[in-house]
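Observations on the three-dimensional arrangement
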Amino acid sequence: MEISLSQEAAISVLGLLHIYSKSVFETIKQNNLLAFCAIIIAVFLATALYLRFFHPLAKFPGPPLAPYSNGFWYYTLLAGRGPWKNHQWHQKWGPIIRIAPNHLSFSSHSAQKVIYGFGTRTVPSMVKDPIFFTPEVDHSMNIINETDREEHSRMRRMLSFAFSTTNLLENEDVLVRRTDEFVRAVGGIRGTGGKRGFSIVRQFNYVTFNIMGEMSFGDSFEARLEEQKEHRYHWAAVIVNTTYMNDVMRAVCVIPGLFTFLEYFNTPHMKATLYRHAEYATEHTEARLRHPTQRKDFVHHILTTKLPLPPTLEIASHFNVIMMAGAVTTATFLAGVTYYLAHLPSCTSLLQSELRSRFSSLEEITSKALMNCEYLNAVVEEGLRIYPPAGAGHLSRIVPRGGVEIDGVWIPEGTRVSVHQWSVLRDPDNFHDPSSFIPERWLKDSPYSDRLETSLPFSYGPRGCLGRNLAYLEMRMVLAKMFWAYDVVWCNGEEVDWERDSKGYTLWEKPDLRVELRRVMGDV
Ligand code: HEM
């Protein structure tokens, strides 16, 4: 029988392995622990030397511990100081840095186009990183975590009509009613918990949760909230607590088998966050499927799509992320911008003059009318720049087969790449005095020569934010109605420093912002 070259090589490798394992076994048998440890250390050192000096990304600068283990990167992420750390690294080592053994972080606008863009004739668009975008705890895939190009495009086609401007304007009554409800409710809240003022951050979570819930599930949302055993806003609180746990899961999934292990033990904290959130999404989806409605809510668009109807688990999974991506991000924006406005009475006064000179009642404040409020729009853009709701972390992609050139440098296939939004937005080459809140930079006659195009809070390309239009309608509406009706008095200014006290994971954990509202306009 003839043996081919590859078979011969395989036999030699097996032979070597046999000898090697035999010798290791012998070493242990002879109780020569020292020799065994030496082998382990040698393997460890060889790996470290390879990662630092011979790995395809070895030439890229970055924090000294980054080449050796993903642990360093996950530690930075979970410590909540990632935005500031990454920015410092980019300032020190330049626009391309190695932040993990196989991960490059970029901070240039040109990289944004290549990494998140639609691709070219020769280079396809980059797919999301499956290690970062993991399946949900119920093993489902959805519009955010799906990494397969074809599957994602089916999901996006199915959901896109729900997010079209036509459909959103048709559902404007939800936005207006829920915002008016919020404006009336916050006006009636006095000091809570024995302290002056109340937590406006929590109220922002509630209003965006209500808007997103009714937009998604129509009338059944309210019915289900009334039925549920827990507090009306229990799901909203679960969503907020789940954002951090999502990053913990990302770290867990890097170690093969660890998720299965944790799944087996299913800790109380996991049950109360990740699992409870997925259950709520399923319960609300099932309730809506049993409850036909005239409203063209998001479920309606899934049910009437020309594409084959997906299983209930998939529909629920879309709402798992829509409720998260839709409610938390917009609430984060509102909280951040309120902090900066509370800090800068001159900006607040310009905003309120614009709103109060244009509108004489809450009802006059409509989505269409707000589109032309120049200063309000500048405040929104600046709020998204200075505290980008989804810009604290890394939205990583994988370089396609054959590699790709980014910023004049060849990046090998399979490399994990991302643009760190915060670093782009805090770069003095892009924005004058980047840490200051200056809405004027967005006005037509701005005296600054900022590179406004580098601010991409909703990302870009085939995986760019599907809810962008809705987010703009919501941000303008809530901000305008609140600042039109009330003067905002900040009560815990002595205690809070927004940047010091924020935790930047993939999404933000915000500090508490206590305010008192003094009614100035309208009979709200
Ligand atoms: C200020 C508010 C918002 C910001 C800053 C924001 C930002 C983003 C960003 C940066 C992405 C890209 C994520 C990635 O590359 O992994 C994204 C995706 C997405 N966002 Fe938003 N978002 C906001 C509000 C919303 C709202 C209100 C919805 C509506 C439900 C929404 C739904 C989505 C969906 C479904 C995706 C996934 C798109 C896809 O992969 O095809 N977002 N968002």
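Computed from a prediction, not measured in an experiment: that's the story for all the values here. In this convention, every chain numbers its residues from 1, walking through the sequence in written order. At least 70 in pLDDT is required for a residue's local features to be given in this predicted model, at least 80 for side-chain atom pairs to be given and counted, and no such filter applies to totals for whole chains, interfaces and linings, which use all residues. The basis for every side-chain value is the complete set of heavy atoms in the structure, and neither hydrogens nor water enter the calculation.

**With respect to the coordination of the iron atom of the ligand**
Because no water is among the atoms considered, metal sites can look incomplete, with donors defined as N, O and S atoms within 2.8 Å of the metal, or 3.2 Å for Na, K and Ca. There is one protein donor for the iron atom of the ligand, namely Cys465 (SG), at 2.3 Å. Relative to the elements of secondary structure, Cys465 occurs in the loop between helix H19 (421-425) and helix H20 (468-485). Helical segments are the DSSP runs of H or I of at least four residues, strand segments are the runs of E of at least two, and each set is numbered from the N terminus.

**Observations regarding the packing of aromatic side chains**
Aromatic contacts are taken between Phe, Tyr and Trp rings whose centres are within 6.5 Å, Trp giving its six-membered ring; a plane angle under 30 degrees counts as stacked, one over 60 as edge-to-face, and the others as tilted. One pass over the full model with this rule turns up 25 aromatic pairs. Here Phe209 and Phe221 contribute two aromatic rings whose centre-to-centre distance is 5.5 Å and whose plane-to-plane angle is 65°, an arrangement assigned as edge-to-face. Separated by 12 residues along the polypeptide, Phe209 in helix H9 (residues 200-217) and Phe221 in helix H10 (residues 219-227) bring together distant segments of the chain. When sorted by exposure, Phe209 lands in the same class as Phe221, which is buried. For each residue, the accessible area found with a 1.4 Å probe, counting protein chains only, is set against the maximum for its type, and the residue is called buried under 20%, exposed over 50%, and partly exposed in between.

**Thoughts on the sheet that holds strand S2 (residues 103-106)**
Two strands are said to pair when DSSP picks up at least two bridges between them. Taken in spatial order, the 5 strands of this open sheet run S1-S2-S8-S5-S3, and their pairing is mixed. Edge strands, defined here as strands with exactly one partner in the open sheet, are strand S1 (96-100) and strand S3 (127-128). Bridge count between S1 and S2: 4 bridges; the pairing is antiparallel. Within S2, the position partnered with Ile96 by the bridge is Phe106. Strands in contact with helix H3 (residues 70-79) are S1, S2 and strand S8 (416-419); relative to S1, the strand with the most contacts, it is inclined by about 95°. The sheet contacts of helix H5 (residues 109-116) involve S2, strand S5 (397-398) and S8, and relative to S8 the element is tilted by about 130°. Residues are treated as being in contact if the distance between any of their heavy atoms lies within 4.5 Å. Only the stretch in contact is used when fitting a helix axis, every axis being a line fitted to C-alpha atoms; angles between N-to-C directions are given from 0 to 180 degrees.

**Here we look at helix H15 (residues 312-343)**
An expected span of 1.5 Å times one less than the residue number is assigned to each helix. Its 32 residues give H15 an end-to-end C-alpha distance of 46 Å, which sits within 8% of 46 Å, the value for a rise of 1.5 Å per residue. Counting buried positions over the 32 residues of H15 gives 27, a clear majority of the element.

**Notes on the site of the ligand**
Taken together, 29 residues are adjacent to the ligand, and His152, Arg156, Arg397, Arg463 and Cys465 come closest. Within the side chain of Lys128, a nitrogen or oxygen atom sits 3.0 Å from an oxygen atom of the ligand. Take Arg156: an N or O atom from its side chain is 2.6 Å from an oxygen atom of the ligand. Elements represented by at least two residues in the shell around the ligand include exactly helix H6 (149-160), H15 and H20. Examining the composition of the shell around the ligand, we find that 5 residues originate from one element, H15, more than from any other. Proximity criterion: a residue is near a molecule or strand once any of its heavy atoms comes within 4 Å of it. Polar contacts, as counted here, are pairs of nitrogen or oxygen atoms within 3.5 Å of one another; within protein the pair requires one atom able to donate a hydrogen and one able to accept it, and residues that are adjacent in sequence qualify only if both atoms are side-chain atoms.

**Things to note about the sheet that holds strand S12 (residues 514-519)**
With respect to topology, 3 strands assemble into an open sheet ordered S4-S12-S9, the strand pairing being antiparallel. Either end of the sheet is taken by a strand with one partner, and the two such strands are strand S4 (198-199) and strand S9 (486-490). Relative to S12, S9 runs antiparallel, the two sharing 5 bridges. Each bridged residue has a counterpart across the sheet, and for Trp490 the counterpart in S12 is Val515.

**A word on the confidence of the model for the protein**
Per-residue confidence for the protein averages 91 on the pLDDT scale, and 94% of its residues sit at or above 70. Both scores are available for the predicted complex, with the pTM at 0.91 and the ipTM at 0.99. Every residue gets a pLDDT, meaning the predictor's confidence in that residue, from 0 to 100.

**Some thoughts on the side chain of Ser367**
Along the chain, Ser367 turns up in helix H17 (residues 367-371). A relative accessible area of 2% means that Ser367 is categorised as buried. If we ignore the near neighbours within four places in the chain, the residues touching Ser367 are Leu169, Glu172, Leu175, Leu473 and Met477.

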